[in-house]
Amino acid sequence: MTAKASGKDSDNVRVAVRCRPINETELRQGHTVVVRADEVHGTIRISKLQSRYDDEVKTFTFDTVFGPDSKQVDIYNATARPIVDFVIEGYNGTVFAYGQTGTGKTFTMEGNRSVPELAGIIPNSFAHIFGHIAKSEEDTTFLVRCSYLEIYNEEVRDLLDRDHTTKKEVCFNSSWDFILVAHA
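Student: How should the packing of aromatic side chains be read in this particular structure?
Tutor: How two aromatic rings sit relative to each other is set out by the distance from centre to centre and by the angle between their planes. Under the definition given, this model contains three aromatic pairs. Centroid distance Phe126 to Phe130: 6.4 Å. Interplanar angle 80°. Geometry classified as edge-to-face. Highlighted residues: Phe126 and Phe130, both in helix 5 (residues 121-135), separated by four residues, approximately one helical turn. A residue is classified by how much of its surface remains accessible, and Phe126, at 35% relative accessible area, is partly exposed.

Student: What is the right way to look at the sheet that holds strand 4 (residues 57-61) in this model?
Tutor: Sheet strands pair via backbone hydrogen bonds, and the direction of the pair is either parallel or antiparallel. One open sheet accounts for three strands, arranged 2-3-4; its pairing is antiparallel. Strands at the two margins of the open sheet, each flanked by one partner only, are strand 2 (35-38) and strand 4. On average, each strand axis in the sheet is inclined to that of its neighbour by 20°, with strand direction left out of account.

Student: Whenever I open this one, the pairing of strand 3 (residues 43-47) confuses me. Can you help?
Tutor: Along any regular strand, the residues point their side chains to alternate faces of the sheet. Judged from the four bridges that link them, strand 2 and strand 3 form a sheet pairing that is antiparallel. Each residue of the ladder has a partner; that of Asp38, found in strand 3, is Thr43. Two strands pair when backbone bridges link them, and strand 3 and strand 4 are joined in this way by five bridges, in the antiparallel orientation. The residue of strand 4 that forms the bridge with Ser47 is Val57.

Student: What is the right way to look at the packing of helix 3 (residues 72-88) against helix 5 in this model?
Tutor: For any two helices packed against each other, one specifies the inter-axial angle together with the distance between the axes. Interaxial distance between helix 3 and helix 5 falls to 10 Å at its minimum, and their mutual angle equals 40°. Judged by the angle between their axes, helix 3 and helix 5 are oblique. Considering the relative orientation of helix 3 and helix 5, their crossing is right-handed. Facing helix 3, whose interface residues are Ile75, Tyr76, Thr79, Ala80, Arg81, Val84, Asp85, Val87 and Ile88, helix 5 presents Ile121, Asn124, Ser125, His128, Ile129 and His132. Tallied by class, the residues present in the contact of helix 3 with helix 5 amount to eight nonpolar, five polar and two charged.

Student: Which parts of the structure should I look at to understand the environment of Ser70?
Tutor: Looking at the secondary structure, you find Ser70 in the loop between strand 5 (64-66) and helix 3. Its relative accessible area of 13% is what places Ser70 among the buried residues. In this structure, Ser70 is in contact with Arg18, Glu39 and Ile75, ignoring residues within four places of it in sequence. Within the structure, Ser70 has its side chain in polar contact with the backbone oxygen of Gly67 (distance 2.8 Å).

Rules and cut-offs
Residues numbered from 1 in each chain as written. Predicted model: local features only at pLDDT ≥ 70, side-chain atom pairs only at ≥ 80, totals over all residues. Heavy atoms only, no water. Phe/Tyr/Trp six-rings, centres within 6.5 Å; stacked < 30°, edge-to-face > 60°. Helix = DSSP H or I, 4+ residues; strand = E, 2+ residues; numbered from the N terminus. Buried < 20%, exposed > 50% of the residue type's maximum accessible area, 1.4 Å probe, protein only. Pairing = 2+ DSSP bridges. Axes fitted to C-alpha atoms, helices over the stretch in contact; angles between N-to-C directions. Parallel < 35°, antiparallel > 145°, perpendicular 65-115°, else oblique. Left-handed = near helix turned anticlockwise from the far one by under 90°. Contact = heavy atoms within 4.5 Å. Nonpolar A, V, L, I, M, F, W, Y, C, P; charged D, E, K, R; others polar. Polar contact = N/O pair within 3.5 Å; in protein donor to acceptor, adjacent residues only side chain to side chain.

Here you go:
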């Protein structure tokens, strides 16, 4: 049995970090880059401004690291494509984007819809899933369900819900095996 078939490689949580480039406003305000991404070694180095000492540099290691020049398609292929491949096989999949406001979560997840090479994880996932469905045999039936949840200030909303003001209730079962998000 392969690792994929046995689930040994599929059930792990993987953490990928994307470092966005410094933007025009930050450049105008005289900000400097203090975060360095090492994509080869999967590390992020954060240094204090004007520090001459190595002990003032913090290094963090992740499963995958993307620097400021990373392409959307490369991020999709390395992070979300394997998850979508499992979804196509019938398993559930989750991509979780976390970070402060302004760190690039929306761009990574949605991208720029008017420029194909800037499409984010969500449109690439949809294209992947529906491309697979289009190529399947005619007698095959598919059920596709998708949520785009935002957790902000302890409140959960599904951004794909027609009513964006509808709040969801988060419930845990007694053994914390799963989380149920339902209409509040």
